[in-house]
Amino acid sequence: MRKNLLQRAVLILSVTGICLYLTLIGYRRPTMKDFTSWSQVKTNLANNLKLGLDLKGGSQLLMQVRAEEVIAQVTTNNIEAAKTRLQKKGITVANASSSRPGQISVTISDAARAQEAETELRLDLDKQEWASSISGSTVTFTLNESAAEAIREQSVTQAMTIIENRINAFGVAEQSLQRYGRQNSYQILLQLPGVDDPERVKKTLVLESKLELRPTDSPFQTYPSLEEAQKAAAGKKDSEGNEFEPLPYDERGDDETEEAATPATPDPSKPAVYVLIAKKNVITGGDIRDALAIPADTSGKDYKINFRLKQAGAEKFKTWTGANIGKNLAIVLNNRVKSAPSIRSEISDSGEITGNFTKTSGEDLALVLRSGALPARVDYIEERTVGPSLGADSIRSGVLASVAGLIFIMIFMGIYYQFSGLNAIVSLVLNLIMLIAVLAMFGATLTLPGIAGIILTIGMAVDSNVLIFERIREELKLGKAVVSAVETGFAKAFITIIDTHVTTIVSSTFLFIFGTGPIRGFAITLIIGLLANLFTATFVSRTMFGYVLTRKERVTSLSI
């Protein structure tokens, strides 16, 4: 019996030591500084235990992806591809348009070749995704709903990846990014603990980064008005048959972090002009490997962005520049021409974007170019900001409630169950240590509802001890010996404790699976606390009773 108790004691002390180490030290080698002051202990505890937005302070953004824009973009891309494919096949396209996203209508000049056109386009458009019909000289393709929904879901997943990359580049620690709401709401919830400049983060998250390098008309010239540029572009094609469109050519004086839909503020010293740009690009922002904002001159006021290309993009760039020396290539950012330098020699893998960039706007744009473009625009639906002082108040109130509840329970257990109450108090404290250690070990975030879960765990831990003690009392009243009463009390209470804990854990698991944010924080602390309580109430408490009972040869009474 004593040997068995020794093994139990070693196990309990080992678990306690590991939990204290994880809570106060973490995953590093301890130093003397860790034990020299109470403030250092509190600092270590704060570093090892992740606090949620409601405790630490920060911002919470609820966003919605305009998933329908992706369907529209897919439709537009397929229209252009259809025109090119039919022209290569010698089928004249009279009109190619879309009445709504997900529907393509191609009208050809010769109705007799409509079936041939449908067969040719079917090579690009998957039969499982696009349904087709022919009416006279018009071939219509319609994207089915299941394929459209898959594209929308993919756009949300892609947007989350890009947003996460941008947040990581900001250096925000412990951010939380997850889907929110119904499946077809396309919403994303982002929590940013400790962020002190949420407006800059907001701008950069939704910043458009549509970068293209596109040929200009030759010889390169500017037009003083949009009307004159449109007139010059009408019917104009280059040697490869690419059409041209007029785009504004201005160095913007506004902040580049504004959305692309926002009209640019013209620089008074540089009146806006228009240039003709080929609709087909040479490379896009997707070909960029790296981008960095650097000072454009020695004053340090203006910045430019240097970029390097991926291998595939570099090869395309090298081929085009090698074949078009002497011509101009426009750097188009968000449908605005930033510059149109002349190609003087073959260029392989690098370039630069100049403009009126400040240090902040240049760094933000470089960050966006590095992380890639969002598949669709994102709208902010809701924003919440919790100040650090409010979070500190929440921590103070939560800790005060926990300590007050713990002290009251300790007093009650000590008075009502006498010496056995001390047994329950030790189990209760160890339960809390284990709970916090597991939170620290797995990097779980403690939120305000999580503190409520801890307080509830305290109540359930006491309930388990009360159940065991009352069973022991009943056995003593029946006249059983003390050792036998303790053994029977634990045996009878064990099944009941398992039942209550398992049912609560199952309920909390569903809360964790289907809940979001604060609800999941409550569920996770409750689950961990209940698992810890199973260990302390049935193993630790029983070991302490065994220690007391084995100290005497014959035990005739028990303080309970």
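All residue numbers refer to position in the chain's written sequence, counted from 1. Predicted model: local features are reported for residues with pLDDT of at least 70 only, side-chain atom pairs are reported and counted for 80 or more only, and whole-chain, interface and lining totals are derived from all residues. Just so you know, side-chain values use all the structure's heavy atoms and leave hydrogens and water out.

Undergrad: Could you give me a rundown of the overall build of the protein chain, with the residues and numbers involved?
TA: Segments assigned H or I by DSSP are reported as helices when at least four residues long, segments assigned E as strands when at least two residues long, and all are numbered from the N terminus. When you go through the protein chain residue by residue, the secondary structure sums to 14 helices and 20 strands. In terms of overall size, the protein chain is more extended than a compact globule, its C-alpha atoms giving a radius of gyration of 34 Å where 560 residues would be expected to give roughly 24 Å. Across its three principal directions, the C-alpha atoms of the protein chain cover 110 × 65 × 35 Å. For the protein chain, buried positions account for 43% of its 560 residues. When checking whether two residues touch, look at their non-hydrogen atoms; a contact exists if any pair is within 4.5 Å. Sequence separation of at least 24 residues holds for 71% of the intrachain contacts in the protein chain that already meet a minimum separation of 6. Accessible areas in this description were obtained via Shrake-Rupley with a 1.4 Å probe; residue shielding takes into account the shown protein chains only. Accessible surface, the protein chain: about 28,700 Å² in total, of which carbon and sulfur atoms supply 57%. Positive residues here are Lys and Arg, negative ones are Asp and Glu, while His and the chain termini are left out of the count. For charged residues, the charge sits on one atom: NZ in Lys, CZ in Arg, CG in Asp, CD in Glu. The averaged location of the 58 negative side-chain charges in the protein chain is 8 Å from the averaged location of its 60 positive side-chain charges. What the globule rule says is 2.2 Å times the number of residues to the power 0.38, and the radius of gyration is computed from C-alpha atoms. Partly exposed residues are those whose accessible area sits between 20% and 50% of the maximum for their type, while under 20% is buried and over 50% is exposed, using a 1.4 Å probe and protein chains only.

Undergrad: Go over unusual backbone geometry, please, and point to the residues and values.
TA: Backbone geometry follows two general trends: most residues other than glycine have a negative phi, and most peptide bonds adopt the trans configuration. The step from serine 218 to proline 219 runs through a cis peptide bond, and the omega angle for that step is 0°. The residue proline 219 is located in the loop between strand E9 (211-215) and strand E10 (222-223) in this model. You will see that tyrosine 186, though not glycine, has its phi angle at about 55°, which is positive. When its relative accessible area of 12% is taken as the criterion, tyrosine 186 is described as buried. In this structure, glutamine 418 is a non-glycine residue whose phi angle is positive, near 55°. Within the secondary structure, glutamine 418 sits in helix H11 (residues 388-441).

Undergrad: I'd love a proper account of the pairing of strand E4 (residues 103-108), names of residues and values included.
TA: Of all six residues that make up E4, six are buried, and the element is covered over most of its length. Of the two faces of E4, both are covered, the one formed by Gln103, Ser105 and Thr107 as well as the one formed by Ile104, Val106 and Ile108. Alignment of strand E3 (residues 93-97) against E4, held across four bridges, turns out to be antiparallel. Note that in E4 the partner of alanine 96 across the bridge is valine 106. When DSSP finds two or more bridges between a pair of strands, those strands are recorded as paired.

Undergrad: Give me the packing of helix H4 (residues 67-88) against helix H5 (residues 114-122): which residues, what numbers.
TA: The relative placement of two packed helices comes down to the angle between their axes together with the axis-to-axis distance. Geometry is summarised by axes, namely lines fitted to C-alpha atoms with helices restricted to the contacting stretch, and by angles between N-to-C directions that run from 0 to 180 degrees. H5 packs onto H4 with a crossing angle of 120° between their chain directions and a minimal axis gap of 10 Å. With respect to each other, H4 and H5 are oriented oblique. The handedness of the crossing between H4 and H5 comes out as right-handed. Judged by residue contacts, Ala82, Arg85 and Leu86 of H4 engage Ala117, Glu120 and Leu121 from H5. Residues are grouped as follows: nonpolar covers Ala, Val, Leu, Ile, Met, Phe, Trp, Tyr, Cys and Pro; charged covers Asp, Glu, Lys and Arg; every other residue, Gly included, is treated as polar. Of the residues in the contact of H4 with H5, the class split is four nonpolar, no polar and two charged. Convention used here: angles under 35 degrees read as roughly parallel, angles over 145 as roughly antiparallel, angles from 65 to 115 as roughly perpendicular, and any remaining angle as oblique. Crossing handedness: left-handed means the near helix sits turned counterclockwise from the far one by under a right angle, and right-handed means the same turn made clockwise.

Undergrad: Help me get a handle on the nonpolar core, residues and values and all.
TA: The biggest cluster of nonpolar side chains holds 42 residues, and the ones touching the most others in it are Leu86, Val106, Ile163, Ile188, Leu190 and Leu205. Considering each element in turn, this core owes the most residues, nine residues, to helix H6 (residues 145-170). The contact partners of leucine 190, leaving out residues within four places of it in the chain, are Ser59, Gln60, Leu61, Met63, Ile163, Ile167, Ser176, Leu177 and Leu205. Within the second largest apolar cluster, 34 residues are counted, among which are Leu406, Ile451, Ala485 and Phe545. In this description, a nonpolar core means a group of buried Ala, Val, Leu, Ile, Met, Phe, Trp, Tyr and Cys residues linked to one another through side-chain atoms lying within 4.5 Å.

Undergrad: Outline the packing of aromatic side chains, supporting the account with residue identities and numerical values.
TA: Aromatic contacts are taken between Phe, Tyr and Trp rings whose centres are within 6.5 Å, Trp giving its six-membered ring; a plane angle under 30 degrees counts as stacked, one over 60 as edge-to-face, and the others as tilted. Counting across every chain of the model gives eight aromatic pairs. Plain terms: the ring middles of phenylalanine 220 and tyrosine 249 are 6.2 Å apart, the flat faces sit at 75° to each other, and that makes the pair edge-to-face. You can see phenylalanine 220 sitting in the loop between E9 and E10 and its partner tyrosine 249 sitting in strand E11 (residues 244-249), a full 29 residues away along the chain. Arranged with centres 5.3 Å apart and planes meeting at 20°, the rings of phenylalanine 535 and phenylalanine 539 form a pair that is stacked. Here the residue phenylalanine 535 and the residue phenylalanine 539 both occupy positions in helix H14 (residues 518-549), the gap between them amounting to four residues, near one helical turn. Neither residue differs from the other here; phenylalanine 535 and phenylalanine 539 are each classed as buried. Connected via pairs of aromatic rings, a cluster forms that spans Phe412, Tyr416, Tyr417, Phe469, Phe490 and Phe545.

Undergrad: So what's going on with the side chain of threonine 550? Residues and values would help.
TA: Relative to the helices and strands, threonine 550 is located in the segment after H14. Looking at threonine 550, its side chain comes within polar contact range of the main-chain oxygen of glycine 546, at 2.9 Å. Pairs of N or O atoms are called polar contacts if they sit within 3.5 Å, as long as, within protein, a hydrogen donor faces a hydrogen acceptor (for residues adjacent in sequence, only side-chain-to-side-chain pairs). Separated by 3.1 Å, the side chain of threonine 550 and the backbone oxygen of tyrosine 547 make a polar contact.

Undergrad: Quick rundown of the sheet that holds strand E8 (residues 187-193)? Include the residues and the values.
TA: Here four strands make up an open sheet; going across it, the order is E7-E8-E2-E19 and the pairing antiparallel. What marks the edges here is a single partner per strand, and that holds for strand E7 (176-180) and strand E19 (378-386). Shown here is a sheet whose adjacent strand axes are inclined to one another by a mean of 20°, direction ignored. Bridge count between strand E2 (residues 58-65) and E19: eight bridges; the pairing is antiparallel. Paired with methionine 63 across the bridge in E19 is tyrosine 380.

Undergrad: Can you tell me about helix H2 (residues 38-48), naming the residues and giving the values?
TA: Those residues of H2 not exposed but buried are Gln40, Asn44 and Asn48. Each buried residue of H2 lies within a common arc of 65° when the element is viewed along its axis, so the set occupies one face. Here the arc refers to the directions that run from the helix axis out to each C-beta atom.

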